[in-house]
Amino acid sequence: MILSLLLLLPHAHAAPPVDDGHAVRAILSATPFELTTSYPYDWSAEHPDVKSGTLLVLDVDPAWLVPSDIHQAVLFVGAVPAERVNTGFPDGRLVVIVPAGVDVARSPVYFSGYDLPERIDAAAGQKALEGAVNRGALPLPMTLATGVVLRDHEAVMKAGL
Amino acid sequence: MIDFCMAFHLLPSGCCALLTPFLWVLFGCHGGGPAPDTSTTCDGANLVDAGGATVQTCEDDAVCVTGTGCVTCTPVITPLYATSSPLRVEPTSAGILRSRAVAVSLPDGGVGGVTLTVEGPVDVVDANGSPVTSLTSLPATVYLRGTGTGAATLTASFDGGALPCAQDGTLQIQAINTAPLVGRPRTLAPGWEHVESYRDVDPVYLGLDPVRYSDRVGLPYVAYVVKHRSAEEWAADPQLVDVTGGAESGTLAAGALNVTGLWASPDLLEDDVSARYDVVVDFGGDGRLDPGDLVDGPGEDFGFAQVGDLSMAGPHAVHQVDIDGGAWLGERIYWPDDIETLGPRPLIVISHGNGHRYTWYDYIGQHLASWGYVVMAHENNTGPGISTASKTTLTNTDYILANQDTIAGGALAGLIDGTRIAWIGHSRGGEGVVRAYDRIVDGDYTPEEFTAEDIRVITSIAPTVFNEVTDSDPHDVPYFLIAGTADGDVNGGVACDECDFYRLWEADRGPKASAYIHGAGHNDFNCCGFDDATGPDLIGRDEAQVLAKGYFLAMARVWLDGDTSLLDVFRREYSGFTPTGATVGDIVANTFRDAEALAWPVLDDFQAEEDPLVASSGAIVTAGVDELAEGKLEDDDSVLTWDPSDPMNGMTHAATYIDRGAGASFSWVDSGTWSLAVVPQQADTTGYTFLAFSFAQLSRHPHTVALEGDLAFGVTLTDADGVNAHVDFGDQGAAPEPYQRTDDGLGAGWADEFVTVRIPLSDFTIGSMIDLSHLATVQLDLGGDHGASPGAIGLDNVELSR
């Protein structure tokens, strides 16, 4: 299986793949959380403070999750890059944090082009969302679990793992 | 002390002369004449009485003195003769009079009163190194030692006192650059290469040039290899203790370079990977280091170093723990078990790449800790990007330094030297460590436990270059880049600007080195990333890590411990200094450049002038080559298929207008030349040790494809009088055939693989009387009798260095 996945590793010169709406296959779980201690969100250019959000477990086509330092497509939920807690490779189980302010139930979950999340501002996020919608990306079915209160960033990451 | 007095010769005048290998000094041995007679006067050489009759005629060296008569002046110091003119004097190591000083003995001439003056870069000193400007009594011995390079004149003056005996004697001196004595025979011209470092399996040779040391031809000597001593140690103990099992005796013969095996099987490393030695050629035969002996090494420098297998584990058992300091503060720490006996040791921090883990670098942690370093690998927040990665490098470095009293029960309390830190980063972490340094220097981040000055060296393993190099700016920190040509992620190729890691190398202004390893993949530099290696002749993770461990240990020893005996690991071309532990057949392209702040003369770095026929130094370039072009070292069309309109095909040292890398490219079919007319202000090269330049084969150029192998050429230097000297460096190092990786266009061949060639300037003086103080041209002799053809290369950084 690994070998076949590696064959999907994009070459450096290849154009970023296009997510046609099928890269993220399902939301396996969605758990709202609140934090006792907030933390700065490093996965967008604005670095907003995260006091609450949603912890998602996604079922993702592993070909999109091959670890790379160059060719890592940014995963968006709506117009916001999601914070990856694990690599999700090779099993396709990707855990992400979505900061509050994103309506998870009504937002598509999709990959955009290769970039660094820390460079993506709100305008770039909105542009990515519009592109995804134009390609047919739709919100995925999901059920919100009971919310949890956690201590801090480290706690929510460990909860995800 | 060696006394160069060999014999006294009676001269017809009645004076005697002292014959030394270097000079004769004539002194009168008797004065006097008839008793004073106030009734006589002098008429030229004749003493005449009141009536004008000649009483006496003064002959030979005698002069007529009114009221005295004929007097032979004492001493007679005109002229000073040297058997070798000019007398060659070398610089003396600071604080060591005994090193390379030349003794001049002035015999008993009956009276004293000699004044000594020198014009030029030479000192006259006594046995204690104190300046000597006059001699009040004879006999006396003084010492000449170089303080620089160039012509000098020693004048010995005697004012004659009350007699008309004032006279000057002069001695012409040439203060010359120190030349190393050890090296190795080569098959190519000039048949010899001076080297500073040997592998522990290679024999050590002495090379004495009878042209350089013409004043010693015919003299016997005994050559010793001794353990390196400081200036103070030599001053305290000049006894020569040979470590090779027997000093080598010989006599300097005229003709070609005298090559003598000094040490067939060096094996004295003991629990270390390097050892330093001095070489003394004892011309006095007394078993002591004296003025007049030839020496290589005493003082701050060493004669030569012996380098062992840098990939072998060191002598210390290693302790390892994992700690969790909170979010992004997970660390794995390695240290030598006996660190308490070692005292505070430098800290080496490892910042992993994206999708990697901090627990994947045991091979580095275990290896460097076994050699006495504290190593810490940490969780690295690479997912968001480079700034977050840089922050975790900074916070984790702070964390271990701040918490050393409590980590592992206090085992490291007070034992981490926070003023000697190395950062090693892989991939995004490799750029992150550069960004972290840049943030400190630019004032964007202030660590609590250390400063930018405490970061002694940064190493990037296949780093990304997401930021412009003004944001990921290594400034002037010592910088080492290591990567693999088979990298399947940060692949170094022309189609991916973020993969062009040599842009970081170009941005650094400090001393910098690189090693580009054929057949190594991205994750060969950790334990557990997937096998991304792409291309032919893959060397695999184990071999890549053998090579990497050697480089990392050398990096730590050089820049954390100041052990320059391992600098040659970076400065010499891999094929000319292959690590002992490496597999035969490994191919690595090494580059090295000294800090720009040293301001070594740059003959042409192609930065300041776009005209390929005008060097950045202003020198005129004459090129008998094809396809000559100059510009940014950037593949213009991002495709490796050869296209004559893209003369920088395969180049990756620049990608945006901010990048600094620039160079030239050209080709030849059978032979060619690239010649630079040295500008006058750079013509005196005697203060420098190497002629250096970097070059790479042009990837997928038809000539490169046709050559299908390594490429080297020759270099001819010409002085202002037209005297030539030539070196073919092909067996010292060569640019490898480009890695035969496909993709990114038609054909095979990957990104540029620059190598730096540093030819000792002293190699050009072997058998040649070239005057390196008046260098006129530097010419690259391409193809023909001097190297491969056809060929196509990129060229950069033609310069002098020490």
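Scoring rules and cut-offs
Numbers given to residues run from 1 along each chain, matching the order in which its sequence is written. As they are written, the chains are lettered A onward and the ligands numbered 1 onward, keeping that order. Confidence filtering applies because this is a predicted model: local features only for residues at pLDDT of at least 70, side-chain atom pairs given and counted only at 80 or more, and all residues used for totals across whole chains, interfaces and linings. Note that water and hydrogens are dropped before the side-chain values are worked out from all heavy atoms of the structure. Helix numbering and strand numbering both begin at the N terminus, where a helix is a DSSP run of H or I of at least 4 residues and a strand a DSSP run of E of at least 2. In this description the radius of gyration comes from C-alpha coordinates, and the expected globular size is given by 2.2 Å times residues to the power 0.38. Relative accessibility decides the category of a residue: with a 1.4 Å probe and only protein chains considered, values under 20% of the type maximum give buried, values over 50% give exposed, and everything between is partly exposed. Whether two residues are in contact is decided by their heavy atoms: any pair within 4.5 Å suffices. All accessible-area figures derive from a Shrake-Rupley calculation using a 1.4 Å probe, and residue coverage is judged against the displayed protein chains alone. The charged-residue count follows a simple rule in which Lys and Arg add positive charge and Asp and Glu add negative charge, with His and chain termini not counted at all. Here the site of a charge means atom NZ of a Lys, CZ of an Arg, CG of an Asp or CD of a Glu. Paired strands, in this sense, are two strands between which DSSP finds at least two bridges. Simply put, an axis is a line fit to the C-alpha atoms, just over the touching stretch for a helix, and the angle between two N-to-C directions goes from 0 to 180 degrees. Buried area adds together the accessible area that both of two parts lose upon being put together, with accessible area traced by a 1.4 Å probe. Every case where a carboxyl oxygen of Asp or Glu lies within 4 Å of a side-chain nitrogen of Lys or Arg is listed as a salt bridge. Within 3.5 Å is the distance limit for a polar contact, defined as a pair of N or O atoms, with the added protein rule that one can donate a hydrogen and the other accept it, and that residues adjacent in sequence qualify only through two side-chain atoms. For Phe, Tyr and Trp, rings pair up if their centres lie within 6.5 Å, where Trp contributes its six-membered ring, and each pair is then called stacked (planes under 30 degrees apart), edge-to-face (over 60) or tilted (otherwise). Only lysine NZ and arginine CZ atoms are considered, and such an atom sits over a ring when it is within 6 Å of the ring centre and within 35 degrees of the ring normal. pLDDT measures how confident the predictor is about each residue, on a scale from 0 to 100.

*Asks:* Would you mind going over the overall build of chain A with me for this structure?
*Replies:* A count of helical and extended segments in chain A gives three helices and eight strands. Compactness check: chain A gives a C-alpha radius of gyration of 15 Å against a globular reference of 15 Å for 161 residues, within 12% of the reference. By principal-axis analysis of the C-alpha atoms, chain A measures approximately 45 × 35 × 30 Å. Burial statistics for chain A: of 161 residues in total, 51% are counted as buried. Pairs at least 24 apart in sequence give 77% of the contacts found in chain A among residues at least 6 apart. Carbon and sulfur atoms provide 57% of the accessible area of chain A, an area that totals close to 7,300 Å². Considering chain A, the positive charge centre built from 10 side chains and the negative charge centre built from 18 side chains are found 2 Å apart.

*Asks:* Help me understand the pairing of strand β47 (residues 791-801) of chain B, please; the structure alone is not making it clear to me.
*Replies:* If a strand is regular, its side chains alternate between the two faces of the sheet. All names here are of chain B. β47 sits mainly inside the fold: eleven of its eleven residues count as buried. Inspection of the sheet shows strand β37 (residues 602-604) paired to β47 by two bridges, in the antiparallel sense. Its bridge partner lying in β47, Asp604 is registered against Val798. For strand β40 (residues 662-668) and β47, the ladder comprises five bridges, and the chain directions are antiparallel. Across the sheet, Trp668 pairs through a bridge with Gly791, a residue of β47. Where strand β42 (residues 690-697) meets β47, seven bridges bridge the pair, whose relative direction is antiparallel. When the sheet's bridge partners are listed, Phe695 is paired in β47 with Leu795.

*Asks:* What am I meant to see in the sheet that holds strand β29 (residues 330-336) of chain B here?
*Replies:* Remark on secondary structure: sheet strands pair via backbone hydrogen bonds, oriented parallel or antiparallel. Residues and elements named next belong to chain B. Ordered by their spatial adjacency, nine strands build an open sheet running β28-β29-β31-β30-β32-β33-β34-β35-β36, and the pairing between neighbours is mixed. The open sheet has two free edges, formed respectively by β28 (318-324) and β36 (588-593), since each of these has just one partner strand. Strand-to-strand twist of the sheet, defined as the mean angle between neighbouring strand axes without regard to direction, takes the value 15°. Here β29 runs beside strand β31 (residues 374-378); their pairing, made up of four bridges, is antiparallel. Pairing of Glu331 across the sheet is with His378, part of β31. Each of β30 (345-351), β32 (416-426), β33 (455-461) and β34 (479-484) touches helix α5 (residues 428-441); the most contacted strand, β32, lies at about 135° to it.

*Asks:* I keep staring at the interface of chain B and chain A and nothing clicks. Help me out?
*Replies:* Listed by partner, the interface residues are 33 residues for chain B and 23 residues for chain A. Between chain B and chain A, roughly 2,300 Å² of surface is buried when both sides are summed, and carbon and sulfur atoms account for 55% of that area. Here chain B is connected to chain A by one salt bridge. Here B:Asp324 ties to A:Lys158 by a salt bridge, and the two come within 3.2 Å at their closest N and O atoms. The tally of links between chain B and chain A comes to 16 residue pairs in polar contact (both at pLDDT 80 or more).

*Asks:* Please explain the pairing of β32(B) as it appears in this structure.
*Replies:* Residue and element names in this part refer to chain B. With ten of its eleven residues buried, β32 lies for the most part within the structure. Note: β30 against β32, seven bridges, orientation parallel. Note that in β32 the partner of Ser351 across the bridge is Gly425. Note: β32 against β33, six bridges, orientation parallel. Counted as the bridge partner of His426 is Ile461 from β33.

*Asks:* Would you take a moment to explain the sheet that holds strand β18 (residues 182-185) of chain B for this structure?
*Replies:* Residues and elements named next belong to chain B. What the four strands build is an open sheet, ordered β19-β18-β21-β24; its pairing is antiparallel. The outermost strands of the open sheet, each flanked by one partner alone, are β19 (192-194) and β24 (258-263). Sheet twist, expressed as the average angle between the axes of neighbouring strands with direction ignored, equals 45°. Two elements, strand β21 (residues 204-208) and β24, share five bridges in a ladder whose sense is antiparallel.

*Asks:* Help me out: how do you make sense of the packing of aromatic side chains in this one?
*Replies:* Overall, the coordinates contain 26 aromatic pairs over all chains when judged by the stated rule. An angle of 20° between the planes, with centres 4.9 Å apart, marks the rings of A:Trp64 and A:Phe111 as stacked. Of the two residues, A:Trp64 is situated in the loop between β2 (49-60) and β3 (73-77) and A:Phe111 in strand β7 (residues 109-114); the sequence distance between them amounts to 47 residues. By relative accessible area, which is 16% here, A:Trp64 ends up buried. When the centroid spacing of 6.3 Å and the interplanar angle of 45° are considered together, the rings of B:Phe693 and B:Phe695 count as tilted. Assigned by exposure class, B:Phe693 and B:Phe695 land together as buried. An aromatic cluster is defined as three or more aromatic residues linked by ring pairs; in this entry it consists of B:Tyr198, B:Trp263, B:Tyr277 and B:Phe304. Here the basic side chain of B:Arg345 rests over the ring of B:Tyr373, its NZ or CZ set 5.0 Å away from the ring centre.

*Asks:* Please clarify how the pattern of salt bridges should be interpreted in this entry.
*Replies:* Any two side chains of opposite charge can pair, given that their charged atoms come close. Summed over the entire model, instances satisfying the criterion amount to 30 salt bridges over all chains. Ionic pairing is found between B:Asp731 and B:Arg186, a salt bridge with its closest N-O pair at 2.6 Å. Note that B:Asp731 is positioned in the loop between β44 (724-728) and β45 (755-760) and B:Arg186 in the loop between β18 and β19, a separation of 545 residues in sequence. For B:Asp731, a relative accessible area of 26% translates into the label partly exposed. Judged by relative accessible area, B:Arg186 falls into the buried class, the value being 9%. Sharing partners across several salt bridges, the network here consists of A:Arg151, A:Asp152, A:Glu154, A:Lys158 and B:Asp324.

*Asks:* Even after reading the chapter, I still don't get the confidence of the model for chain B, so can you show me in this structure?
*Replies:* Caution is warranted with low-pLDDT regions, since their predicted coordinates should not be read in detail. Residues and elements named next belong to chain B. When pLDDT is averaged along chain B, the result is 87, and 88% of the positions lie at 70 or above. Under a pLDDT of 50 for its full length, residues 1-36 has, in the predicted model, 112 contacts with residues more than four places off or in other chains. Segment residues 93-99 is flagged for pLDDT under 50; beyond a separation of four residues in sequence, or across chains, it makes 22 contacts in the model. Both scores are available for the predicted complex, with the pTM at 0.87 and the ipTM at 0.91.

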